[in-house]
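Coordinate analysis (summary)
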Amino acid sequence: MGTEPAHTVTRYDQELDRLRGIVARMGGLVERQTAQAIAAVVDQNEEAALEPPELDVEVDTLERDAESLAIRILALRAPMAVDLRLIIAVLKITGDLERIGDYASSIARRALKVEPLDGAMSFSALRNMGRLVQENLHKAIDAMACNDSERAMEVWNADTAVDELYTAMFRELVTYMMEDPRKIGPCIHLLFVAKNLERIGDHATNIAERVYYAVTGEMLPAVRPRGGAARKGN
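The structure displayed is predicted, hence computed values, not measured ones. For every chain, the first residue of its written sequence is number 1, and the numbers climb from 1 along that sequence. In keeping with the predicted nature of the model, local features appear solely for residues at pLDDT of at least 70, side-chain atom pairs appear and are counted solely at 80 or more, and the whole-chain, interface and lining totals rest on all residues. Computation of side-chain values: all heavy atoms of the structure, hydrogens and water removed.

It is worth spelling out the packing of aromatic side chains at this point. Centre distance within 6.5 Å is the pairing criterion for rings of Phe, Tyr and Trp, where only the six-membered ring of Trp is used; planes under 30 degrees apart are then read as stacked, over 60 as edge-to-face, and the remainder as tilted. Under the counting rule described, the total for this entry stands at 1 aromatic pair. Where Tyr166 meets Phe170, the ring centres are 6.2 Å apart and the plane angle is 45 degrees; that geometry is what we call tilted. Of the two residues, Tyr166 and Phe170 both sit in helix H5 (residues 149-179), 4 residues apart, roughly one turn of that helix. Over the aromatic face of Tyr103 sits the side chain of Arg99, whose NZ or CZ is 4.8 Å from the ring centroid. We call a charge positioned above a ring when the Lys NZ or Arg CZ atom is no farther than 6 Å from the ring centre and deviates by at most 35 degrees from the ring normal. The side chain of Arg110 reaches across the aromatic face of Phe192, ending 3.6 Å from its centre. By the criteria applied, helices consist of DSSP H or I runs no shorter than four residues and strands consist of E runs no shorter than two, each listed in order from the N terminus.

Here you go:
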């Protein structure tokens, strides 16, 4: 880019800034969807349940806008090194964000069907899992905005805790269903929500991996730690 006219370089920088802005906007909306979906479940908030599906259209539009702009930059500007990694990462990150929005919308749609269970099992476990997933998602989006590879690593390492919470909830809910068939319905709804939260956590980790690569040029290991075991990344 160094041999090109100044106005061309300026235009290129503006396009990159616009691309970052689109992804940042998308990240903010997806964070909102996730927060509202969790509130819809654990607080039985009907109003919160309405917002995530409504935001889906805007999230999908932003994904298409980011993809079109990224392809345009690749075709016309021939970016290299850090800029090339950034654009490749953006193309993948927007897909992760779109999927997170879909999972949040699915949680919201099911939220009012979820009922607390009598006894030890309540929304507290789901609330804890939701809080950790929100924290990881926020950190991943912040790492993306700030090109922060260290924060991206924090998210990558924190995925284990989300998986452990999901596994604990799964085992407890299955036990409830085995002990009392009347609890099968409520338990299935809770399992569905917990699984979608776990998937949101996975996509947040994906974003962290993309950011780490974009910033450092290095790939994180293909095997992520998972609840003391190992799992291939998505």
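With respect to the helices and strands, the residue Arg210 is situated in helix H6 (residues 184-216). Among the polar contacts listed, one links the side chain of Arg210 to the side chain of Asp96, at a separation of 3.2 Å. Any two residues whose heavy atoms approach within 4.5 Å at even a single point are treated as in contact. Setting aside residues up to four positions removed in sequence, Arg210 forms contacts with Ala89, Lys92, Ile93 and Asp96. Pairing of N or O atoms within 3.5 Å defines a polar contact, subject to two protein rules: one partner must be a possible hydrogen donor and the other a possible acceptor, and residues neighboring in sequence count only if both atoms are side-chain atoms.

Look at helix H4 (residues 123-146) against H6: their axes get within 9 Å of each other, and the N-to-C directions meet at 20 degrees. On the basis of the axis angle, H4 is roughly parallel to H6. The handedness of the crossing between H4 and H6 is left-handed. Residues Phe123, Leu126, Met129, Gly130, Val133, Asn136, Leu137, Ala140, Ala143 and Met144 of H4 form the contact with H6, whose participating residues are Leu190, Val193, Ala194, Leu197, Glu198, Ile200, Gly201, Ala204, Ile207, Ala208 and Val211. Charged residues are taken to be Asp, Glu, Lys and Arg, nonpolar residues to be Ala, Val, Leu, Ile, Met, Phe, Trp, Tyr, Cys and Pro, and polar residues to be all remaining types, Gly included. For the contact of H4 with H6, the residue count by class is 17 nonpolar, 3 polar and 1 charged. Lines fitted to the C-alpha atoms define the axes, with helices restricted to the stretch that makes contact. Angles between their N-to-C directions range from 0 to 180 degrees. Angle categories: roughly parallel below 35 degrees, roughly antiparallel above 145, roughly perpendicular from 65 to 115, and oblique for all the rest. Put simply, a crossing is left-handed when the front helix is turned counterclockwise from the back one by less than a right angle, and right-handed when it is turned clockwise.

This brings us to the pattern of salt bridges. For this analysis, a salt bridge means a side-chain nitrogen from Lys or Arg found within 4 Å of a carboxyl oxygen belonging to Asp or Glu. Applying the stated criterion across every chain yields a total of 15 salt bridges. In this structure, Arg131 and Glu135 form a salt bridge, with 3.3 Å as the shortest nitrogen-oxygen distance. With Arg131 and Glu135 both in helix H4 and 4 residues apart, the pair spans about one turn of that helix. Buried residues are those whose accessible area, probed at 1.4 Å on protein chains only, stays under 20% of the maximum for their type, while exposed residues exceed 50% and partly exposed ones sit between those limits. According to the relative accessible area criterion, Arg131 is partly exposed, its value standing at 44%. Overall, the relative accessible area of 36% leaves Glu135 in the partly exposed class. Here the salt bridges share partners, and the residues they tie into one network are Arg11, Glu15, Arg72 and Arg77.

Time to look at the nonpolar core. Formed by 69 residues in total, the largest nonpolar core has its most connected members in Leu19, Val41, Ile93, Leu97, Leu126 and Leu197. With 14 residues, the single largest contributor to this core is helix H1 (residues 6-42). Every residue in contact with Val41, bar those within four places of it in the chain, is listed here: Ile107, Ala111, Val114, Phe123, Leu126 and Val193. We call a set of buried Ala, Val, Leu, Ile, Met, Phe, Trp, Tyr and Cys residues a nonpolar core when their side-chain atoms join them within 4.5 Å.

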